Amino acid sequence: MIKVDNISKIYSNDSVETIALSNISFGIEKGEFVAIMGPSGSGKSTLMHILGALDTPTSGTYILDGKEVGKLSDDELAVIRNKKIGFVFQAYNLLPRTTALKNVMLPMMYAGMPREKRVNRAIELLEMVGLGNRINHTSNQLSGGQQQRVAIARSLAMNPAIILADEPTGNLATVQGEEIIAIFQELSDRGHTVVVITHEPPIAEHARRIIYLRDGEIVEDSTNHKHRRVKRGDE
Ligand SMILES: Nc1ncnc2c1ncn2[C@@H]1O[C@H](COP(=O)(O)OP(=O)(O)O)[C@@H](O)[C@H]1O
Ligand SMILES: [Mg+2]
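First things first, this report covers the structure right here in the doc. (Residues numbered from 1 in each chain as written. Chains lettered and ligands numbered in written order. Predicted model: local features only at pLDDT ≥ 70, side-chain atom pairs only at ≥ 80, totals over all residues. Heavy atoms only, no water.)

Another aspect to go through is the side chain of Arg 118. Here Arg 118 shows up in helix H4 (residues 115-128). At 11 Å, Glu 116 is the nearest oppositely charged side chain to Arg 118, a buried residue that forms no salt bridge. Ignoring sequence-local partners within four residues, the contact set of Arg 118 consists of Met 105, Met 108, Met 109 and Met 113. (Helix = DSSP H or I, 4+ residues; strand = E, 2+ residues; numbered from the N terminus. Buried < 20%, exposed > 50% of the residue type's maximum accessible area, 1.4 Å probe, protein only. Lys, Arg positive; Asp, Glu negative; His and termini not counted. Salt bridge = Lys/Arg side-chain N within 4 Å of Asp/Glu carboxyl O. Contact = heavy atoms within 4.5 Å.)

Shown next as structure tokens:
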């Protein structure tokens, strides 16, 4: 699904060059659940932006589902970002004073999906993340964990093959964080490829594979034999 070959990313501002990623290579298969760990500044977000086709590497190749991302046109890139990849961020990035339902419907509106289909799918997704009883709550009327679940439902609107999450539990208490991770596990069981950036070991423990970054390099890429499954609580 994802193949990264010898990727480097160098940021050049004025006369200062920062090497954010240095000759990184790895592959991720369809349906894998991978955690990316590493200290602050190790290149995790830079890597996620490249995987999400939001940014391009300075050198190296990135093949996404058989296509070399560096060779795609702007239109093709836009389609990939909208349809193939779902993004989840630490700060949820929901529209304020807007209902959960509308937040989840938004990407489908941009995609021109008929209204009734949009509503039905948004409700189905909100039920899937355990918020069937909160669809008309606005963002400010929801807890952090609930807002993140709305954000996950929104990321799934276009049924993306890949879900990329950058510190999705960073603002949450442990219990809420586990609920989020349980949803990611379920998505990976259903065949979605899930890549979660975290610096919290208890969160990474749930992934089947952990890639460790340090100073822009992969220092370890290992199967997590003792990965723990979390059970989703009943709502
Ligand atoms: N837009 C940018 N311009 C210059 N340097 C950047 C930029 N974005 C990130 N960096 C630098 O690249 C390195 C990796 O950053 P980042 O990928 O955000 O790390 P992480 O997400 O692991 O904390 C850091 O040293 C950071 O300061
Ligand atoms: Mg980061």
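Between its terminal C-alpha atoms helix H5 (residues 144-155) stretches 16 Å, which fits the 16 Å expected from 12 residues at 1.5 Å a residue. The buried count for H5 comes to 11 of 12 residues, which makes it a mostly enclosed element. Among the residues of H5, Gly 145, Gln 146, Gln 147, Gln 148, Arg 149, Val 150, Ala 151, Ile 152, Ala 153, Arg 154 and Ser 155 are the ones counted as buried. Buried residues along H5 sit against strand E6 (85-89), helix H3 (100-110), H4, strand E7 (162-166) and helix H6 (174-189). (Expected span 1.5 Å × (residues − 1).)

The next point concerns empty space enclosed by the protein. This model, assessed by the stated rule, comprises 1 cavity of 30 Å³ or more. Looking at the largest cavity, its volume works out to about 30 Å³. Lining the largest cavity are Ile 36, Met 48, Leu 51, Leu 164, Ala 165, Val 195 and Ile 197. When residues of the lining of the largest cavity are traced back to their parent elements, those giving at least two are helix H1 (44-51), E7 and strand E8 (193-197). (1 Å grid on protein atoms, 1.4 Å probe; cavity = no way out; pocket = protein on both sides within 12 Å on 5 of 7 lines; lining within 4 Å. Points joined across faces, edges and corners; volume = space filled by probe spheres on them.)

Before going further, it helps to examine the environment of Ala 151. In this fold, Ala 151 is placed in helix H5. With 69 residues separating them along the chain, Ala 151 and Glu 220 place their C-alpha atoms 30 Å apart. With residues near it in sequence (within four places) discarded, Ala 151 still touches Val 88, Tyr 92 and Leu 94.

Once that is clear, we can look at H3. Of all the residues in H3, the buried ones are Ala 100, Leu 101, Asn 103, Val 104, Met 105 and Met 108. On its buried side, H3 packs onto H4 and H5. The positive-phi residue at the C-terminal boundary of H3 is Gly 112, with phi of around 80°.

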